[in-house]
Amino acid sequence: PDQEQVSSVCPEKRLAAALIWNAFFIGLLTLCWRPFMQERVMSKVSVLVVDDAPFIRDLIKKGLRSHFPGIRIEDAVNGRKAQQMLDRDSFDLILCDWEMPEMSGLELLTWCRAQEKLKTTPFIMVTSRGDKENVVQAIQSGVSDFIGKPFSNEQLTTKVRKALGRAGKLGALAASAPARPTNTG
């Protein structure tokens with residue numbers, strides 16, 4: 001359109017078109033960003049999964065998400081990365097492998113218990129090390145619980161539910177779960 005045609009459109013129509021475009025754009029942004037924002041901002045329970053094996057991290061995350069909708073889960077490939085994440089962010093539960101490169105689960109646990117803000121954070125060791133000496137060492141270091149490898153989803157969710165219950169976080173977890181549609185017919 002030429003300049004004459006554009007200037008001949010009444011200001012009310014231009015304003016209406018701008019308002020419609022703005023409403024559409026805001027609606028689109030809200031639709032695209034809502035899942036991200038709900039997970040980041042609205043979730044009241046956060047878990048840090050620490051394991052050097054990607055398939056174990058994925059297995060744990062999938063199991064937790066399927067049983068605890070609304071939970072926020074972050075992961076780290078070793079104790080050193082977890083330490084950096086724990087310095088930046090707070091978590092309600094730590095699920096950690098024992099044997100990892102750079103910093104073991106036991107070293108991370110010992111570090112956590114020395115930090116004022118992490119002294120009481122539930123720490124579950126996920127390990128194939130079930131011999132008495134290792135169990136005693138972990139208990140003396142302040143571990144909250146153990147999950148033996150291999151584990152089932154039921155074992156995982158039972159231990160997590162127990163740890164979050166003791167920490168008083170189960171109510172927050174239930175409140176952050178998305179509403180499930182009810183069957184009316």
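Structure: above.
Residues numbered from 1 in each chain as written. Predicted model: local features only at pLDDT ≥ 70, side-chain atom pairs only at ≥ 80, totals over all residues. Heavy atoms only, no water.

1. Quick look at the pattern of salt bridges
According to the stated counting rule, one finds 12 salt bridges in the structure shown. Among the ionic pairs, R72 bridges to E74, the shortest N-O distance being 3.3 Å. For the salt bridge of K169 with D92, the shortest nitrogen-to-oxygen distance reads 3.3 Å. Residue K169 is found in the loop between α7 (153-166) and α8 (170-176), and its partner D92 is found in the loop between α4 (79-88) and β3 (93-97); the two are separated by 77 residues along the sequence. On the basis of relative accessible area, D92 is assigned to the buried category, the value being 15%. (Salt bridge = Lys/Arg side-chain N within 4 Å of Asp/Glu carboxyl O. Helix = DSSP H or I, 4+ residues; strand = E, 2+ residues; numbered from the N terminus. Buried < 20%, exposed > 50% of the residue type's maximum accessible area, 1.4 Å probe, protein only.)

2. Looking at the side chain of T157
Note that T157 resides in helix α7. When sequence neighbours within four positions are dropped, the list of residues in contact with T157 reads G63, H67 and F68. (Contact = heavy atoms within 4.5 Å.)

3. A look at the packing of helix α3 (residues 54-67) against α7
The axes of two packed helices give the description: the angle between them and the distance between them. Relative to each other, α3 and α7 sit at 70°, their axes nearing to 10 Å. Relative to α7, the element α3 is oriented roughly perpendicular. Crossing geometry of α3 relative to α7 is assigned as right-handed. Facing L59, I60, G63, L64 and H67 of α3, the residues of α7 in contact are N153, L156, T157 and V160. Grouping the amino acids of the contact of α3 with α7 by side-chain chemistry returns 5 nonpolar, 4 polar and no charged. (Axes fitted to C-alpha atoms, helices over the stretch in contact; angles between N-to-C directions. Parallel < 35°, antiparallel > 145°, perpendicular 65-115°, else oblique. Left-handed = near helix turned anticlockwise from the far one by under 90°. Nonpolar A, V, L, I, M, F, W, Y, C, P; charged D, E, K, R; others polar.)

4. A closer look at the pairing of strand β2 (residues 72-76)
Each regular strand shows side chains that alternate between the opposite faces of the sheet. Counting buried positions along β2 yields 4 of 5 residues, so the element is predominantly enclosed. Taken together, the 5 bridges between strand β1 (residues 46-50) and β2 define a ladder with parallel strand orientation. Residue pairing in the sheet places V47 in a bridge with I73 of β2. For the crossover from β1 across α3 to β2, the handedness is right-handed. (Pairing = 2+ DSSP bridges. Right-handed = clockwise from strand over helix to strand, strands pointing away.)

5. As for the nonpolar core
Note that soluble globular proteins tend to have their nonpolar side chains buried in a common cluster. Core analysis: the biggest nonpolar cluster contains 23 residues, and L48, V50, L86, L108, C112 and F123 have the highest contact counts within it. Looking at this core, the elements that each hand over two or more residues are β1, α4, β3, α5 (105-114) and β4 (123-127). Residues A53, I60, V160 and A163 belong to the second largest nonpolar core, which totals 21 residues. (Core = buried A, V, L, I, M, F, W, Y, C linked by side-chain atoms within 4.5 Å.)

Any link to function would need more than the numbers given here.
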